[in-house]
Structure formats: structure tokens, C-alpha cells
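# An overview of the molecular structure
Residue strings, one per chain:
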Amino acid sequence: MAPAPALGVPTITLNNGVEIPQLGFGVYQVPPEDTADVVGTALEVGYRHIDTAQMYGNEKGVGEAVGASGIDRSEIFVTSKLNNGFHRRDDALRAFDRSLGDLGFEQLDLFLVHWPLPGIDVDYVETWKAMEEIYADGRVRAIGVSNFQPAHLRRLFAESEIRPAVNQIEVHPYLAQDDVRAFDADHEIVTEAWSPIAQGKVLDDPAITAIAERLGRTPAQVVLRWHVQRGDVVFPKSVSRERMEQNIGLFDFELDTGGMASISGLNRNERTGPDPDTFNYIPR
Ligand SMILES: NC(=O)C1=CN([C@@H]2O[C@H](COP(=O)(O)OP(=O)(O)OC[C@H]3O[C@@H](n4cnc5c(N)ncnc54)[C@H](OP(=O)(O)O)[C@@H]3O)[C@@H](O)[C@H]2O)C=CC1
Ligand SMILES: O=C(O)C(=O)[C@@H](O)[C@H](O)C(=O)CO
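Now for a look at the structure at hand. Everything numeric here is computed off the predicted structure, so don't read it as measured data. (Residues numbered from 1 in each chain as written. Chains lettered and ligands numbered in written order. Predicted model: local features only at pLDDT ≥ 70, side-chain atom pairs only at ≥ 80, totals over all residues. Heavy atoms only, no water.)

## Regarding the site of ligand 2
This is how it is decided: In these notes, residues near a molecule or strand are those with any non-hydrogen atom within 4 Å of it. Polar contacts here mean pairs of N or O atoms no more than 3.5 Å apart (in protein, one a potential hydrogen donor and the other a potential acceptor; neighbouring residues in sequence count only if both atoms are side-chain atoms). In short, Shrake-Rupley with a 1.4 Å probe defines the accessible areas, and a residue's cover is counted only from the protein chains shown. Detection works on a 1 Å grid of protein atoms alone, calling trapped sets that fit a 1.4 Å probe cavities and calling open sets with protein on both sides within 12 Å along at least five of seven lines pockets, with lining residues defined by an atom within 4 Å of a point. Occupancy of a cavity or pocket is assigned to a molecule whenever over half of its atoms lie within 2 Å of that pocket's grid points. Each residue receives one of three labels: charged for Asp, Glu, Lys and Arg, nonpolar for Ala, Val, Leu, Ile, Met, Phe, Trp, Tyr, Cys and Pro, and polar for the others, Gly being one of them.
Taken together, Tyr28, Met55, Tyr56, His114, Trp115, Pro274 and Phe279 form the complete shell of residues around ligand 2. Here an oxygen atom of ligand 2 and a side-chain polar atom of histidine 114 are 2.6 Å apart. Within the contact set of ligand 2, an oxygen atom lies 2.8 Å away from a side-chain nitrogen or oxygen of tryptophan 115. Its free accessible area being 330 Å², ligand 2 has 73% of it covered by the protein chains. In a pocket analysis with a 2 Å cut-off to the grid points, ligand 2 is assigned to the largest pocket. Its residues placed into classes, the shell around ligand 2 shows six nonpolar, one polar and no charged.

## What about the packing of aromatic side chains?
Formally: Centres within 6.5 Å make a pair out of two Phe, Tyr or Trp rings, where for Trp the six-membered ring is used; the pair is then stacked when the planes are under 30 degrees apart, edge-to-face when over 60, and tilted otherwise. In this description a helix means any DSSP run of H or I spanning at least four residues, a strand means any run of E spanning at least two, and both kinds are numbered starting from the N terminus. Only protein chains enter the calculation, and the probe is 1.4 Å; a residue is then buried if its accessible area is under 20% of its type maximum, exposed if over 50%, and partly exposed in between.
For the structure on display, the rule yields eight aromatic pairs. Aromatic pair tryptophan 115 and phenylalanine 279: ring centres 4.4 Å apart, planes at 55 degrees, arrangement tilted. Here tryptophan 115, found in the loop between strand E6 (108-113) and helix H4 (124-136), pairs with phenylalanine 279, found in the segment after helix H10 (257-264); they are 164 residues apart in sequence, far enough to count as distant. Accessibility assignment for this pair places tryptophan 115 and phenylalanine 279 in one class, buried. Between tyrosine 124 and phenylalanine 148, the aromatic rings sit 5.5 Å apart at their centres with planes inclined by 75 degrees, giving edge-to-face as the arrangement. Here tyrosine 124, found in helix H4, pairs with phenylalanine 148, found in the loop between strand E7 (140-146) and helix H5 (150-159); they are 24 residues apart in sequence, far enough to count as distant. Summarising the burial analysis for this pair, tyrosine 124 and phenylalanine 148 share the class buried. An aromatic cluster of at least three residues, connected via ring pairs, comprises Trp115, Trp194, Phe279 and Tyr281.

## Observations concerning the sheet that holds E7
The condition is simple: Strands pair, by our definition, only if DSSP identifies at least two bridges between them. Any two residues whose heavy atoms approach within 4.5 Å at even a single point are treated as in contact. Between N-to-C directions, angles span 0 to 180 degrees; the directions come from axes that are lines fitted to C-alpha atoms, helices contributing only their stretch in contact.
Taken in spatial order, the eight strands line up as E3-E4-E5-E6-E7-E8-E9-E10 in an open sheet, and their pairing is parallel. The sheet is open, and its two edges are formed by strand E3 (25-26) and strand E10 (233-234), each paired on a single side. Set on the sheet, H4 makes contact with strand E5 (77-82), E6 and E7; between it and E7 the angle comes to about 165 degrees.

## Overview of unusual backbone geometry
A negative phi angle characterises most non-glycine residues, just as the trans form characterises most peptide bonds. Despite not being glycine, asparagine 147 has its phi angle at roughly 65 degrees, a positive value. Of note, asparagine 147 is situated in the loop between E7 and H5. Owing to a relative accessible area of 3%, asparagine 147 belongs among the buried residues under this scheme.

## Some points on the site of ligand 1
Around ligand 1 sit 27 residues, and of these Asp51, Ser195, Gln199, Lys237 and Ser238 come closest. Within the side chain of serine 146, a nitrogen or oxygen atom sits 2.8 Å from a nitrogen atom of ligand 1. Within the side chain of asparagine 247, a nitrogen or oxygen atom sits 2.9 Å from a nitrogen atom of ligand 1. Burial of ligand 1 by the surrounding chains reaches 88%, relative to a free accessible area of 900 Å². If you map ligand 1 onto the pockets, it falls in the largest pocket. Here the shell around ligand 1 gets three residues from one element, more than from any other, and that element is helix H9 (residues 241-248). Among the residues forming the shell around ligand 1, the class breakdown is 13 nonpolar, 10 polar and four charged.

Take a look at the structure:
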């Protein structure tokens with residue numbers, strides 16, 4: 001898989017040998033009717049990794065942009081996620097088929113269980129076993145989870161065969177998630193950091209703006225560089241070309257130890273999104 005070479009985006013090797021670009025582009029809250037254009041721009045800017053989900057309703061636009069880009073399908077890494085209403089085995093298999101159809105792909109790069117939903121009447125272990133079936137038939141290169149806590153992962157380890165390749169969780173300077181990240185790392189699971197700039201909430205923090213001023217970078221670049229140096233995968237979302245360019249321009253500077261520590265010191269265990277231990281929302 002070729003990363004966008006001129007921009008220097010590194011790849012990370014997942015536990016089954018598949019390579020994922022460490023920086024990608026997220027499309028949560030990109031309206032379906034705008035998605036083909038927005039993702040087309042991101043691909044022009046140099047992104048080669050797109051993070052979508054059935055829940056976002058915009059997989060068709062992602063597929064359209066990939067198809068129209070003129071870039072070989074094998075050079076673009078695409079992730080999607082199983083929606084919350086499809087946790088039963090048969091529903092999960094059908095939902096995966098729909099994703100492939102909407103994207104217009106023969107094969108997806110990464111498919112995730114979006115939320116564990118620990119309070120619903122379908123056990124997420126059943127859902128994970130359906131993911132294993134999907135993986136076994138070869139139409140997805142890697143499978144993983146999102147918003148899984150260590151207790152949820154321990155059950156998967158005990159009751160199923162395949163270890164998730166990634167765990168996509170909320171991480172940013174106000175929610176450092178060091179315990180879950182360490183658990184993931186100890187079990188060869190790559191952590192992906194969602195809402196990496198906390199949807200903008202961390203960008204006015206004086207500790208971050210001070211580093212940005214000193215380095216002549218934007219606050220978003222400083223925060224995203226912090227994630228990259230911690231080793232997580234990130235996929236900031238923006239509908240603006242200028243911000244897309246900023247957010248991928250991270251590979252020609254570094255934060256020193258003091259800068260990294262200063263940002264890590266901002267942690268206050270503050271979520272911007274739902275808590276996976278209590279979130280049981282099923283879209284109707
Ligand atoms: N697995 C899960 O449960 C979840 C996964 N995700 C994934 O993570 C991705 C990223 O998270 P998301 O919640 O979108 O939030 P982000 O942390 O990426 O922040 C996006 C917001 O920040 C603004 N922004 C982007 N770049 C800049 C910049 N350089 N300077 C100032 N503002 C900026 C955007 O505005 P604008 O667009 O106007 O530029 C938008 O309002 C999602 O798109 C999705 O793929 C997100 C939530 C949950
Ligand atoms: O964006 C996602 O991937 C999500 O799961 C979130 O939208 C989450 O479902 C949420 O914030 C609901 O309010």
C-alpha cells in the first residue's frame with residue numbers, strides 16, 4: 001500500500017500484517033450530499049485513509065470520491081463501522097454487504113464494531129463472531145472494534161478467535177485515555193484516536209496556543225502532532241481545504257519532550273462524546 005509519499009504520512013502495521021496510514025480523514029457530520037466533493041478534495045490534498053461508518057449515512061459519497069479520484073483503489077485505505085442496530089449475526093452480515101455495495105468496493109480495508117452496547121439484548125461477542133465470519137470470507141482486510149473498554153476486550157479474548165486489529169476510542173488532550181491505550185498496546189491492538197482535536201474544544205487552550213506560537217504552527221497541528229508522536233492513528237475531519245492541508249502538514253516538525261509533557265498534562269478525563277459503558281443507543 002502506498003502512502004501519500006510527498007506528505008510523509010507513515011504507516012503502522014496491524015497485528016495481521018496489514019499497513020494503515022497513521023493519518024487519515026474522518027467524515028462524521030459531513031452531509032451525505034457533500035461527501036463525494038469533500039472526500040475528493042481530501043484525496044487531492046493527499047489523504048489516503050478515509051474513516052466512515054454506516055451511522056454517518058455517507059458511505060456512497062466516499063465510494064464515489066474514491067472511484068472518481070483516478071487513484072488506484074489499493075492506495076486508499078477505507079474504514080467503515082457496523083451500525084448499532086445490526087448487532088445480531090445475520091443483521092451484521094447483511095449490513096456488511098450493504099456497506100460494500102454502497103461503497104462500490106469488492107473489498108473493504110477495515111470494518112469495526114462501532115459501539116459495544118453492553119446493555120442491549122444482543123451480546124457483543126455474538127457480533128464479534130459475525131465479524132470473524134466476514135473476515136474469513138476475504139472481503140475485508142482487517143477487523144476491529146470501536147469504543148471498547150478493557151473489560152469488553154477481555155471477553156472477546158476469552159470467547160472468540162481473532163484479536164481486534166484496532167480499537168477506535170475518543171482521545172484528545174482533555175481525555176488522554178492512557179489506561180485503555182496501554183491495554184490496547186499490551187494486546188497488539190492499535191489505538192485510533194477519534195475526535196482528536198475534541199471537535200475544536202482544545203484549540204484555545206493556552207498551553208496549546210503557546211506551543212503553536214513558539215513553533216509557528218497552528219493549534220490543530222500541535223495537537224495532531226502530539227497524537228502522532230504518541231503512536232495513535234488519527235483522522236481529523238474538516239470540510240475546508242485549507243484546514244485539510246494544515247491537518248496533514250505534520251511530518252516536517254516535532255514536539256520536544258517538554259511540549260509533549262505540557263499537552264499530556266492537560267488531561268482531565270473529559271469526554272466530548274458518549275461513555276461506552278452506558279451508551280446503548282440504537283438508531284430507529
Ligand atoms: N468511533 C466513533 O465512535 C467516533 C469516530 N469518529 C471519527 O473521528 C473523526 C474525527 O472526529 P470529529 O468528531 O469529526 O472531530 P475532530 O476532532 O476531527 O474535529 C472536527 C471539528 O474541528 C474543526 N476543525 C478541523 N480542523 C480544524 C483546524 N485545523 N482548525 C480549526 N478547526 C478545525 C472542524 O470544522 P470544519 O469541518 O468546519 O473545518 C470540525 O468542527 C470523525 O470524522 C469520525 O471519522 C468521531 C466520533 C466518534
Ligand atoms: O461519530 C461517531 O462515530 C459516533 O459514534 C458518534 O456520533 C456518537 O454516536 C454520538 O456522539 C452520538 O451522539
